[in-house]
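# A closer look at the structure
Single-letter residue listing:
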Amino acid sequence: MISFYPGPSRVHDEIPAFVKDAFRDGILSINHRSEEFMAISHKTISLLRQKLDIPKTFTIFFTSSATECWEIIAQSMVKAGSYHFYNGAFGEKWFDYTRRLCPSSKGISFATEEKLNLKKIGPLKKDSVLCITQNETSNGTQVDMATIRALKRNHPECIVAVDATSSMAGISLAFNAADIWFGSVQKCFGLPAGLGLLICSPKAMQRAAYLGERKHYNSLTFMSEMMAKWQTPYTPNVMGIYLLMRVLERSKPIVAVHKKVIDRYNEWISFLSERKDIAHLVKNKAVQSYTVIPVSASPEVAQTIKSQAKKKGMLLGEGYGIWKANTFRIANFPALKKKELKKLMRFLKHF
Ligand SMILES: *Cc1c(COP(=O)(O)O)cnc(C)c1O
């Protein structure tokens, strides 16, 4: 079965061989305080920096998931409050989770077809955290780098935090345009689930140190102390980190991956524009995601496509939330092969 689900999605073909290597070399049983683990952890962090173009000054942490990153930010970074700009289910969930810990947090929603309009944002509370979902996996929209950069420029006294879960390792992210970035590996990285990444600017680390929040096993200050020794406060997903290292070793620099993803996105756009019964869910090209392609159809057609595709060995992503019945989603993640893409297009040509 080829999974076009936008996460967990298709994993790289090499994963079974890497898992075998991990077992053979005893990686699956190593102690997370050992020199051996620290070497793997250090190397993985260096490869992330190198392959994803993450600035040297940023600190990279391992977490268990993107959801955990939401909570880490809420507990360790939000003191004065936070503002959540969202247009879909993931951004809203982030707001919901934060609000439970920080009741003064505010949600500001915008329409699916609308570009996040910074001019409409009034004055914001000083020292607050501004939360953006760069790639909204639920409806296949994105916030571009220029907007994120401008938000930070307009509010230099705030911390800008970006959920890039379904775009990290798929497109080039302008890390300098924000203070905190995070994601997890079961989307564009093409890896099995169970590992998240949290990436913090020097300003974010200074803020965390200044707030000094230490109530949790995953308080950012504690994580930072452990990461100075390439370690985590808890026993991490060692196999996940090892697999990430092996995949990164052989992956192309992000500029090359970015180009491949954009080329395929353009193919999808022109393909969908020629169909009769199906169309891209989002009309405004300026906000379309590069890595998640949401397709709308009548509920009957959407259902037929999903079930027939499955019979042909292709798993399509369900529509999300309010779009459940009349959409399906296609991952445009780098691990998918060209011939798999072609197979799906050949099938969808009939609609
Ligand atoms: C998948 C996803 C998440 C949740 O990731 P987990 O690793 O399951 O916690 C959060 N935000 C976005 C935008 C996502 O696509």
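How each quantity is defined
- Residues numbered from 1 in each chain as written.
- Predicted model: local features only at pLDDT ≥ 70, side-chain atom pairs only at ≥ 80, totals over all residues.
- Heavy atoms only, no water.
- Helix = DSSP H or I, 4+ residues; strand = E, 2+ residues; numbered from the N terminus.
- Rg over C-alpha atoms; globule rule 2.2 N^0.38 Å.
- Buried < 20%, exposed > 50% of the residue type's maximum accessible area, 1.4 Å probe, protein only.
- Contact = heavy atoms within 4.5 Å.
- Areas by Shrake-Rupley, 256 points an atom, 1.4 Å probe, with all protein chains shown as cover.
- Lys, Arg positive; Asp, Glu negative; His and termini not counted.
- Charge placed at Lys NZ, Arg CZ, Asp CG, Glu CD.
- Patch = residues over 30% accessible without salt bridge, like charges linked within 9 Å, V, L, I, M, F, W, Y side chains within 5 Å.
- Salt bridge = Lys/Arg side-chain N within 4 Å of Asp/Glu carboxyl O.
- Pairing = 2+ DSSP bridges.
- Axes fitted to C-alpha atoms, helices over the stretch in contact; angles between N-to-C directions.
- Domains from an automatic or database assignment.
- Buried area = accessible area lost by both parts, 1.4 Å probe.

## Structural notes on the overall build of the protein
Assigned secondary structure in the protein consists of 11 helices and 15 strands. For a compact globule of 351 residues, the expected C-alpha radius of gyration is about 20 Å, and the protein comes in at 20 Å, within 12% of that figure. If one aligns the C-alpha atoms of the protein with their principal axes, the spans along those axes are about 60 × 55 × 30 Å. Going through the 351 residues of the protein one by one, you find that 59% of them count as buried. By sequence separation, contacts in the protein at least 24 residues apart represent 72% of the contacts at least 6 residues apart. Surface summary for the protein: the accessible area is close to 14900 Å², and the carbon and sulfur share equals 56%. Within the protein, one finds 50 positive and 29 negative side-chain charges whose respective centroids are separated by 3 Å.

## Topic: a nonpolar patch on the surface
A cluster of nonpolar side chains, Phe23, Leu28 and Met239, forms an exposed patch at the surface whose accessible area comes to about 300 Å². Examined against the element boundaries, Leu28 turns out to sit in the loop between helix H1 (15-24) and helix H2 (35-52).

## Topic: the sheet that holds strand E15 (residues 327-331)
Strand pairing in a sheet takes place through backbone hydrogen bonds and is either antiparallel or parallel in direction. In space, the 4 strands of this open sheet follow the order E11-E12-E15-E14, with antiparallel pairing throughout. Both edges of this open sheet fall to strand E11 (279-280) and strand E14 (317-318), since each of them pairs with a single strand only. Pairing between strand E12 (residues 292-296) and E15: 5 bridges, direction antiparallel. Looking at the pairing, Ile293 lines up with Ile330 of E15. Contacting E11, E12 and E15, helix H9 (residues 254-273) runs over the sheet at an angle of about 10° to E12.

## Here we look at the side chain of Ser41
Tracing the chain through its elements places Ser41 in helix H2. Residues within four places of Ser41 in sequence aside, it is in contact with Phe62, Met227, Trp230 and Ile241.

## Here we look at the sheet that holds strand E9 (residues 180-184)
Ordered in space as E2-E10-E9-E8-E5-E3-E4, the 7 strands form an open sheet in which the pairing is mixed. The open sheet has two edge strands, strand E2 (59-63) and strand E4 (106-109), and neither has a second partner. The mean angle between the axes of side-by-side strands here comes to 20°, regardless of whether they run parallel or antiparallel. Where strand E3 (residues 82-86) meets E4, 4 bridges bridge the pair, whose relative direction is parallel.

## Regarding the domain arrangement of the protein
Under the domain assignment, the protein is made up of domain 1 (2-8 + 253-348) and domain 2 (15-250). Taking only C-alpha atoms into account, the centre of domain 1 sits 26 Å from that of domain 2. Opposite the 27 residues of domain 1 that make contact, domain 2 presents 27 residues. Interface area, domain 1 with domain 2, both sides summed: about 2300 Å², of which 60% is carbon and sulfur.

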